[in-house]
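Breakdown of the fold
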Amino acid sequence: MTTSTFTPAPGGARLSRMVLAQSRMEARLMLRNGEQLLLAIVIPVIVLVGGVAAADRIGIDLDGHRAVDILAPGVLALAVMSTAFTSVAIATGFERRYGVIKLLGSSPLPRSGLLLGKVLALLNVVALQLVVLVAVGLALGWEPTLAHPPRSLVALTLAVCLGTAAFAALGLFVAGVLRAEATLALANLVYLLLMAGGGVVLPTSTYGAASSLIAWLPSGALGEAVRAALVDASIDGRSLLVLAGWAVVGAVLTARTFRWE
Amino acid sequence: MSTATPAVSVDGLVMRYGDKLAVDGLSLEVARGSITAVLGPNGAGKTTTLETCEGYRVPQQGTVRVLGLDPQRDRAALLPRIGVMLQSGGAWSGVRALEMLEHMASLHAHPLDTTMLSERLGLGDCGRTPYRRLSGGQQQRLGLAIALVGRPELVFVDEPTAGMDPQARRTTWELLEEIRGDGVTVVLTTHHMDEAEHLADRIHIVDRGRVITSGTPGELTRDGRTATIRLVVNRPFPDGAPESLRAELGPDTEVRQLDEVSMLIHGPADSMTLGRVSRWCEEHDVLPQTLNLGQRTLEDVFLELTGRELAS
């Protein structure tokens, strides 16, 4: 049979192949983008190194722990928040603006596949961040608790997954209702406010009267859950439930309001 | 699926944005294996109609069938079989041109060779250029490559040559003719008459949300009641020449002075008109050097049907 170059042979690739291709593409773009890399790696490293250096100079400790042992888990939580919330919101906002989501909407990749690809890309980038930040933490003398390593690992995995789900759902909600520029501004502002006052890097207990309120924020809950895993080798059930609650709220809001264009 | 089913059939489509009626009972059919142009001024409802066929918009009234399928209900079955070129955008700003094309290829079962395709479209030199640094014409060509890479049966191309230089435009036309030769159905929107006239097997002229006439380019431009006469004379026209010539020719005529020695006359296509133009020149002591009864163009067709010019 002779076929010419453009003879039709239509058909979608297998769903798994499409989802993997989409996640690889999104992860690559996220890591290539300077501002996103700043949020994902540079700022958390600066916060960790700067925080530890400052605490050493002043000679303070936190809740009876060395500063690095408290700050390192906090910075891991910060990294999850920056990627799952700020990066996802900004990237998705501009995907809407540039018509990327529209074009993909005419491709064989279904919307569920697009969402799954995003989640996989996100988890990949978060894993990469955690590797880098754990290495920096250990180099600074961080000693995570070894009281019950399996429990720590389960607690950390739960915290990272639920935290990622909660923040990504909220990030998609913002990106789905606002214009790209407004999303950019709001996502960065919220990130800065939560980094400073949201109980991520520092324990909620350090915020005095506001501490009980901050523990209900997704940032405070994520910070507490990660610290519970790596400082006390315990599973902070209350914080994990708070994160799950935010994930549901975010998912419902997104599903009700998201506009693909 | 029988090949007798039209590639696209739109029947009585109505689309409204708020108070604005974008599509007002539009009906058209597209035969398989053809290039069909939807021609009309900006805002005529071309893009809205296309986006309804592509499944982006739900018809508010009327029915739309593409390859015999309902673009809403049968979305998952339809999308792999069509290619879509958006009017603009569609790629991440930081993605490289070839990387984007390869990504779209990876979503298909039997994609075209991306190197061949990008070379055919003259994108070979900018494969590693980020999308945001591509020229408008390069972005258009990448958009067309994306529409074709999945080897679709039917492609929708929205203003395919907007922003292209004349050479890229010609390359694009040749490519569209080649894919038609290979059995791909092409639906294109354009507001360039020459594009429709050159490429299309069939043209639907759309104005204010309706198809006002359809036919092959030959059918649409044959047997016109009006013609365009081009008049060039040996020395400058006297003042008030267009008005006095129109008075001579009668109310069905339009006269437009192009420069001090040439005019375009739009009027009845008969020898009486030519005779009157000739007599007017004699009376005003100018010698016609060109007195040319032009062929009727799609522009004339549009003007006749709407009383307005197509140029947008």
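Residues numbered from 1 in each chain as written. Chains lettered and ligands numbered in written order. Predicted model: local features only at pLDDT ≥ 70, side-chain atom pairs only at ≥ 80, totals over all residues. Heavy atoms only, no water.

This part is about the overall build of chain A. Per the secondary structure count, chain A includes 10 helices and 0 strands. When its helices and strands are written in sequence order, chain A yields α-α-α-α-α-α-α-α-α-α. The C-alpha radius of gyration computed for chain A amounts to 20 Å, which stays within 12% of the reference 18 Å derived for 261 residues, consistent with globular compactness. Once the C-alpha set of chain A is aligned to its principal axes, its extents read approximately 80 × 35 × 30 Å. Counting the 261 residues in chain A, one finds 50% classified as buried. Restricting to contacts in chain A with at least 6 residues of sequence separation, those with at least 24 account for 80%. Summed over all atoms, the accessible surface of chain A reaches about 11,400 Å², with 69% contributed by carbon and sulfur. (Helix = DSSP H or I, 4+ residues; strand = E, 2+ residues; numbered from the N terminus. Rg over C-alpha atoms; globule rule 2.2 N^0.38 Å. Buried < 20%, exposed > 50% of the residue type's maximum accessible area, 1.4 Å probe, protein only. Contact = heavy atoms within 4.5 Å. Areas by Shrake-Rupley, 256 points an atom, 1.4 Å probe, with all protein chains shown as cover.)

In this section: the interface of chain B and chain A. Listed per partner, the contact involves 42 residues of chain B and 33 residues of chain A. Counting the contacts that link chain B with chain A gives 3 salt bridges. A salt bridge links R32 of chain A to E99 of chain B; its shortest N-O distance comes to 2.7 Å. Summed over the shared surface of chain B and chain A, the result is 14 residue pairs in polar contact (both at pLDDT 80 or more). (Salt bridge = Lys/Arg side-chain N within 4 Å of Asp/Glu carboxyl O. Polar contact = N/O pair within 3.5 Å; in protein donor to acceptor, adjacent residues only side chain to side chain.)

Interface extent is often summarised as the accessible area lost during association of the parts. With domains assigned, chain B is organised as domain 1 (8-220) and domain 2 (226-295). One C-alpha centre belongs to domain 1 of chain B, the other to domain 2 of chain B; they are set 41 Å apart. (Domains from an automatic or database assignment.)

Our next topic: the sheet that holds strand β8 (residues 202-207) of chain B. All names here are of chain B. Pairing is mixed in the open sheet, where 6 strands are placed in the order β5-β6-β7-β3-β8-β9. Looking at which strands have only one partner, the edges of the open sheet turn out to be β5 (82-85) and β9 (210-215). The mean inter-strand angle of the sheet, taken between neighbouring strand axes irrespective of direction, is 15°. The pairing of strand β3 (residues 35-39) with β8 spans 4 bridges and is classified as parallel. By the bridge assignment for β8, V38 is matched with H204. Lying on the sheet, helix α5 (residues 136-148) is in contact with β5 and β6 (154-158); it crosses β5 at an angle near 170°. Set on the sheet, helix α6 (residues 166-181) makes contact with β3, β6 and β7 (185-190); between it and β3 the angle comes to about 135°. (Pairing = 2+ DSSP bridges. Axes fitted to C-alpha atoms, helices over the stretch in contact; angles between N-to-C directions.)

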